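Architecture at a glance
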Amino acid sequence: MINNIYLDHAAATPLSETMKQHLISVLDLFGNPSSLHSAGRSAAQIIAKSGQSIADFLHARPEDIYFTPSGSASNTLAVRGLTSENPQENRYEVFYSPTAHKSMIKACESCLYHKALQVNAIGEIDPACLENMLTECSARKPLVCIEAASSEIGTVQNVADIGAIVHRHHGILAVDVTGYLPSYRIDLEKWKDSVDLLTFSGHKLRALKGIGVLWKRKELRLKPLIYGSQQNGILGGTENVVGIASLGKAVEEYDYSSISSAGRNYVYHYISKHIPDSFLVGAPVAGENRLPCNLCMCFRGVEGESLMSLLDVNGIRVSTGSACNNVDLEPSHALSSIGMKEPDIHSCIRMSFCGRETPVELNYICEKLRYCVDTLRKLNAGQKSSRKEETFSS
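Below, the structure is looked at part by part. None of these values were measured; they are calculated from a predicted model. Each chain carries its own residue numbering, running from 1 in the direction its sequence is written. Thresholds applied to this predicted model are a pLDDT of at least 70 for local features of residues and 80 or more for the giving and counting of side-chain atom pairs; totals over whole chains, interfaces and linings are not thresholded and use all residues. Side-chain measures here rest on the full set of heavy atoms in the structure, leaving out hydrogens and waters.

1. What to know about the packing of aromatic side chains
When two rings of Phe, Tyr or Trp (its six-membered ring) have centres within 6.5 Å they constitute a pair, described as stacked for plane angles under 30 degrees, edge-to-face for angles over 60, and tilted for the intermediate range. According to the stated counting rule, one finds 4 aromatic pairs in the structure shown. Seen in terms of ring centroids, Tyr180 and Tyr184 are 4.9 Å apart; in terms of plane orientation they differ by 40°. Their pairing is tilted. Among the aromatic residues, ring-to-ring pairing joins Phe57, Tyr254 and Tyr256 into one connected group. Over a ring means this: the NZ of a Lys or the CZ of an Arg is within 6 Å of the ring centre and within 35 degrees of the ring normal. Looking at Arg140, its charged tip hangs above the ring of Tyr113, at a distance of 3.7 Å from the centre.

See below:
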């Protein structure tokens, strides 16, 4: 049996061997980067070098890059740091994508004036609805918060078009690119007329967990959520030098040439042909508005958690949607927002490929998917039959 096929890259990615060696090399740089002695300066140089690497990666200015403890922290700082600047005026009205990461949604919902945007059945933001909502927002400045792509259902938003609408109404656009950046290179020079705040998490790019990034336009003012003198006072606290070093190295060595939809498509077409009563969630695999490595499927008659566990026993690691939702049994907010019914929501799994799966691995995935779904459906059918017999007997 193949022991470990990892299909959860949208949740976390492994460290490369060169990354591990790089991290070992910086572990002795224990100095506080705010200290002026040589040990402190060495740590500060690591931060500066990583900031430059990330700026080059995004085509941005290093002085507009801020390091945070996570993508969730970046989202919170982007939303609350902006809306808290003038709390007495309450001058912002916040609009958010209902398929965004929970951290962004919760941050938006904590604001005094907030509204969810409308999305269609595949999770795309409705531009006409956005236009109408912003037209009605005349008393306050609009802040629109979206994800560039949903890690859960794979749908990619048209950031440029959304940004054009937002700026036509003199608003601000904040974009979480955590799910988008591992598949598509970002050029902030091309998005300069669209995006005002940009956030992402490092551990989706083969960096360590516990490091995120916030980029903002230089003219935007953010109120600090954690007070201190570091990072221009926007985010206090001694910097996570090792985490920052890992992200700097990750973007330097990140290889987009391995990103491919071929393996994802192979598994999808097998499911379509050999596993009945299953369907794709999110944008079509043949279109350009779906992440190339994302496959979110609903297998009716099967609990997603049970299917995930049985696949795990067979050496295949998948998710039941966004990893952040796996700790509770509440229906996924992203799946609910696109109109899915609760029984179908609980029958979904997400597979996120790396693009380097071998033909042997892909065939094994297909074989075990079919076996696990059939096994669970037969088990469920047997349990229903037993319940009917017990009811008849009583």
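2. Looking at the pattern of salt bridges
Should the charged atoms of two oppositely charged side chains come close, the side chains can pair. Within this document, salt bridges are pairs made up of a side-chain nitrogen of Lys or Arg and a carboxyl oxygen of Asp or Glu, the two lying within 4 Å of each other. Applying the stated criterion across every chain, the model contains 12 salt bridges. One salt bridge connects Arg61 with Glu63, and the closest N-O pair in it is separated by 3.1 Å. Think of it in three bands: with a 1.4 Å probe and only protein chains considered, a residue is buried below 20% of the maximum accessible area for its type, exposed above 50%, and partly exposed in between. Owing to a relative accessible area of 34%, Arg61 belongs among the partly exposed residues under this scheme. Between Glu93 and Arg140 there is a salt bridge; the shortest N-O distance is 3.3 Å. With a gap of 47 residues between them, Glu93 in strand β3 (residues 92–96) and Arg140 in the loop between α5 (127–136) and β5 (141–147) connect regions that are remote in the sequence. The class of Arg140 is partly exposed, set by a relative accessible area of 25%. Salt bridges sharing partners connect three or more residues here, namely Arg61, Glu63 and Asp64. By the criteria applied, helices consist of DSSP H or I runs no shorter than four residues and strands consist of E runs no shorter than two, each listed in order from the N terminus.

3. Considering the sheet that holds β3
Strand-to-strand pairing in sheets goes through backbone hydrogen bonds, with the strands running parallel or antiparallel. Spatial strand order, β2-β8-β7-β6-β5-β3-β4: 7 strands in an open sheet with mixed pairing. Both outer strands of the open sheet, β2 (65–68) and β4 (114–116), are each paired with one neighbouring strand and no more. When the angles between neighbouring strand axes are averaged without regard to direction, this sheet yields 20°. Here β3 pairs with β4 via 3 bridges, running parallel. Paired with Tyr96 across the bridge in β4 is Ala116. The criterion used for residue contact is that any of the two residues' heavy atoms lie within 4.5 Å. Lines are fitted to the C-alpha atoms to define the axes, a helix being fitted only along its stretch in contact, and any angle between axes, read from their N-to-C directions, falls within 0 to 180 degrees. Across the sheet, α5 touches β3, β4 and β5, and the angle it forms with β5 is around 155°. By the convention used here, strands pair only if DSSP detects at least 2 bridges between them.

4. Some points on helix α1 (residues 17–26)
Because the α-helix completes a turn every 3.6 residues, residues three or four places apart line up on one side. Among the residues of α1, Met19, Leu23 and Val26 are the ones counted as buried. Viewed along the axis of α1, the buried residues span an arc of 65°, placing them on a single side of the element. Opposite the buried face of α1, at more than 90 degrees from it, the exposed residues are Glu17, Gln21 and Ile24. Along its buried surface, α1 packs onto α2 (38–58) and α7 (241–253). Arc definition: directions from the helix axis to the C-beta atoms.

5. Overview of helix α9 (residues 304–313)
Regarding α9, the residues found buried are Gly304, Leu307 and Leu311. With its buried residues spanning 60° around the axis, α9 presents them on a single face.

6. Concerning the sheet that holds strand β9 (residues 278–280)
Pairing in this open sheet of 3 strands is antiparallel, and the strands run β9-β10-β12 from one edge to the other. Two strands close off the open sheet at either side, each with one partner strand: β9 and β12 (348–352). On average, adjacent strands in this sheet sit at an angle of 25° to one another, irrespective of strand direction. Bridge analysis of strand β10 (residues 294–299) against β12 gives 5 bridges, and the strand direction is antiparallel. Considered in β12, the bridge of Met297 is made with Ile349. Sheet strands touched by helix α8 (residues 262–274): β9, β10 and β12. Its angle to β10, the strand with the most contacts, is close to 15°.

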